[in-house]
Amino acid sequence: MKLSVIVAAYNEEKNIHRCLDSLVHQTMRDGLEIIVVNDGSIDKTAEICDKYAEEYDFLKVLHTTNNGQGMARNRGIEEATGDYIGFVDADDWVEIDMFEHLYEEAVIHDSDMVVCDVHKIFDDEQREEDVISLPEP
């Protein structure tokens, strides 16, 4: 396995579709596994995630009691089989080719880790902001 993407989800029934849709349609298909850790959700998050797992054989769902995002991510890491591990928050979504590009950069540069910039959307404040992960050299 090349890449394991871990999604920790707690009560994200309003956002999880957008997140998982952006992951299951990645251009990187060969060697991609998606691990969703349902962290004890009490809404329909678990149900939604299980439906994705039925449809996509490279997506699996782990159900845990609520222990917080860190513990959920650690549980996902325990199950991961990828050479690289990525994280996506359940209320986020990614560009369709993001993981293909990140993986290619890691391989080309023999990197242990790669990072990317983030475009944040603050719905309540009706504003957007780009966060640059690393400054240009």
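Residues numbered from 1 in each chain as written. Predicted model: local features only at pLDDT ≥ 70, side-chain atom pairs only at ≥ 80, totals over all residues. Heavy atoms only, no water.

Novice: A description of unusual backbone geometry should follow, citing residues and the corresponding values.
Specialist: Even without glycine at this site, Asp-110 takes up a positive phi of about 50°. At Gln-126, a residue that is not glycine, the phi angle is positive and equals roughly 50°. Its place among the elements puts Gln-126 in the loop between β5 (118–122) and β6 (127–131). The exposure class assigned to Gln-126 is exposed, which follows from its relative accessible area of 74%. (Helix = DSSP H or I, 4+ residues; strand = E, 2+ residues; numbered from the N terminus. Buried < 20%, exposed > 50% of the residue type's maximum accessible area, 1.4 Å probe, protein only.)

Novice: An account of the layout of surface pockets is needed here, citing residue identities and associated values.
Specialist: Put simply, the largest pocket is a space of about 1,200 Å³. Taken together, 34 residues form the lining of the largest pocket, with Asp-92, Trp-93, Val-94, Met-98 and Val-118 sitting closest to its centre. At the level of secondary structure, the elements contributing two or more residues to the lining of the largest pocket comprise β4 (84–87), α4 (98–108) and β5. For the lining of the largest pocket, the element with the most residues is α4, which contributes 5 residues. (1 Å grid on protein atoms, 1.4 Å probe; cavity = no way out; pocket = protein on both sides within 12 Å on 5 of 7 lines; lining within 4 Å. Points joined across faces, edges and corners; volume = space filled by probe spheres on them.)

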